[in-house]
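# An overview of the molecular structure
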Amino acid sequence: MQNVSDAMENIVTEKKAEESHRQDSADLLVFILLLTLTILTIWLFKHRRFRFLHETGLAMIYGLLVGVVLRYAIHVPSDMNNITLSCNVNASPATLLVNVSGKFYEYTLKGEISGSEVNDIQDNEMLRKVTFDPEVFFNILLPPIIFHAGYSLKRRHFFRNLGSILAYAFVGTVVSCFIIGLLMYGCVMLMKQIGHLGGDFFFTDCLFFGSIVSATDPVTVLAIFNELQVDADLYALLFGESVLNDAVAVVLSSSIIAYQPEGDNTHTFEAMAMLKSFGIFLGVFSGSFALGVATGVVTFTKLRDFPLLETALFFLMSWSTFLLAEACGFTGVVAVLFCGMTQAHYTFNNLSPESQERTKQLFELLNFLAENFIFSYMGLTLFTFKNHVFNPIFIVGAFLAVFLGRAANIYPLSFLLNLGRKHKISPNFQHMMMFAGLRGAMTFALSIRDTATYARQMMFSTTLLVVFFTVWICGGGTTQMLSCQKIRVGVDTDQENFVSVFVERRSTKQESAWFFRIWYNFDHNYLKPLLTHSGPPLTATFPACCGPLARCLTSPQAYEVCNLHAHSGLIILCSTRFSSLF
């Protein structure tokens, strides 16, 4: 009799496993169909030259529609085998062992549900399955997006505006974080006074909210800029700020979480705890930066004869940078960003022509799919996430604080930067940068990573609305804003960059600050020849006494590339003089 019972139990278990497999396949199919529908609609929009809605906003709309269907139109029949038993415990254990007739079964914690949802366990399970683990975003979807941002960076315009970009990304993000945090704390105090606050909400929570919504992601605006060929300096300022301030926002949010004053009250102000958090910020950022640069420098590939293996090794080294930084206690976002920038500057020159093209297309594809997947998922979670907390006062205060925080970032810093810039940041550029401060993938990923408390749930729900508004309204109005501010479009950056190596070097030296001129000379004369096959051979830049060492460190390909550049430079110079005669 016992054997028959065990056999029946095994059959039931196998059936449940098969049903779960089918449900998981259907859930993934939903996202694949969402991406497919988004791609087809993008093609239609590009064919019709429709610029009022970008692909990311479109992916969010499709996600919203599917979320509505999953939440309200599809109901799973309740399982008669589900049994609800009550027992009083003081805490919610992560793992529970249940003794059923001498057999022990292990159950894992999936989350809290309200008393009104006890009878809808099956529906909750379906919605929970289309809600991914937040670590999926950080370890799988974010790395290709961040790496592509660094790998595809237009370095000439980026470094020409590097001082301004660093000011916006570091000083501006910190200023925005504290402005938003202070305003939201006032909003929370108002909610507490009128009885609209349903749980604990501390000043550190307000600062954390300020840090995550200070991360800008103007992917919609930049795509339109690229299509319309907007001024390269404006593009570099926006793109550079968004790339770096994502990294700053991640480290800043982790530093705020690490703020731990001594004593019983962990939410009071204490100078030593604040200094410790500041030290953590500097330590984590510098450590992540060093790790990313080091990994990018050591990514040497000697597999030029096998482009497929070379591309695979390059891809794995790039992704492992993110995971290595996270495993070491640093921030993978910062590490993989600077790894991408370093590999684009050095390792890219050592790749075979086939691998150069493959790596660019590979990371562009992964960035496109990951970004649209995240925006589709944003729309979906508005209806499938079970613990939303929407508070009208907090939402209105958040929109006002985000606007004022962005203004405090752009306008005062632009005024100070223009005091020392040769090429001023014009008022219409400043208005465009203010308008283009969209929130996107990074803000969403930081907010969904922890939704355990009342404060974090309210932040997540409000963050979704902020992202929706900025992507749809600000992203959709980019073309009209460009026309309103009379910003020039149709700038041919390729023609602008068609200069010889020597002219480019001279212009870069003239346009950069003294520190970057020194760095450029050191990089051009020593680092690039040492780490790549480009640049002058070390035999031409090292002192005569170091001749044997220079010959040992210079590869044969470096001499070939040097001769090729000299020959092409002579051709360009001759053609320029010949054209000037007519």
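By the naming in an unreviewed UniProt entry, the protein goes by Sodium/hydrogen exchanger and is assigned to Cyprinus carpio. As stated in UniProt under Sequence similarities (unreviewed entry), the record for the protein gives "Belongs to the monovalent cation:proton antiporter 1 (CPA1) transporter (TC 2.A.36) family."

### Description of the overall build of the protein
Each helix and strand in the protein was counted, giving 24 helices and 2 strands. Counting the 582 residues in the protein, one finds 46% classified as buried. Summarising the internal contacts of the protein: among those between residues at least 6 apart in sequence, 79% fall at separations of at least 24. For the protein, the accessible surface area stands at approximately 30,400 Å², while carbon and sulfur atoms represent 65% of it.

### Some details on the side chain of T311
Residue position: T311 is located in helix 11 (residues 307-327). Judged by its relative accessible area of 8%, T311 is buried. A polar atom in the side chain of T311 sits 3.4 Å from the side chain of S355. Apart from the residues lying within four places of it in its own chain, the contact partners of T311 are S355, R358, T359 and L362.

### What about the nonpolar core?
Counting residues in each nonpolar core, the largest one holds 121 residues, and the members touching the most others are M184, F209, F225 and F444. Here this core gets 14 residues from one element, more than from any other, and that element is helix 9 (residues 232-257). What F225 contacts, discounting residues up to four positions off in sequence, is V230, L234, Y235, L238, M432, T478 and L482.

### Details of the packing of aromatic side chains
How two aromatic rings sit relative to each other is given by the distance of their centres and the angle of their planes. Within this structure, the stated rule accounts for 26 aromatic pairs. Their ring planes at 75° and their centres at 6.0 Å tell us that Y377 and F444 sit as a pair that is edge-to-face. Here Y377, found in helix 13 (residues 353-384), pairs with F444, found in helix 16 (residues 441-448); they are 67 residues apart in sequence, far enough to count as distant. The same class applies to Y377 as to F444, namely buried. Among the aromatic residues, ring-to-ring pairing joins F147, Y151, F314, F315, W319, F348 and F363 into one connected group. Lying across the ring of F138, R449 places its NZ or CZ 3.7 Å from the centre.

### Here we look at the pattern of salt bridges
A side chain with one charge may pair with a side chain of the opposite charge, provided their charged atoms come close. All chains considered together, the criterion is met by 6 salt bridges. The partner of R160 in a salt bridge is D233, and the shortest N-O contact between them spans 2.7 Å. Taken together, the positions of R160 in helix 5 (residues 155-160) and D233 in helix 9 put the pair 73 residues apart, joining distant regions of the chain. The exposure class assigned to R160 is partly exposed, which follows from its relative accessible area of 22%. On the basis of relative accessibility, which here comes to 18%, the residue D233 falls in the buried class. Linking R488 and D231 is a salt bridge whose minimum nitrogen-to-oxygen distance equals 2.8 Å. One end of the pair, R488, is in the loop between helix 18 (478-485) and helix 19 (493-496); the other, D231, is in the loop between helix 8 (219-228) and helix 9, with 257 residues separating them in the sequence. Given the relative accessible area of 48%, R488 is considered partly exposed.

Definitions and cut-offs
Residues numbered from 1 in each chain as written. Predicted model: local features only at pLDDT ≥ 70, side-chain atom pairs only at ≥ 80, totals over all residues. Heavy atoms only, no water. UniProt positions renumbered as here; feature names shortened; annotations may be inferred. Helix = DSSP H or I, 4+ residues; strand = E, 2+ residues; numbered from the N terminus. Buried < 20%, exposed > 50% of the residue type's maximum accessible area, 1.4 Å probe, protein only. Contact = heavy atoms within 4.5 Å. Areas by Shrake-Rupley, 256 points an atom, 1.4 Å probe, with all protein chains shown as cover. Polar contact = N/O pair within 3.5 Å; in protein donor to acceptor, adjacent residues only side chain to side chain. Core = buried A, V, L, I, M, F, W, Y, C linked by side-chain atoms within 4.5 Å. Phe/Tyr/Trp six-rings, centres within 6.5 Å; stacked < 30°, edge-to-face > 60°. Lys NZ or Arg CZ within 6 Å of the ring centre and 35° of its normal. Salt bridge = Lys/Arg side-chain N within 4 Å of Asp/Glu carboxyl O.

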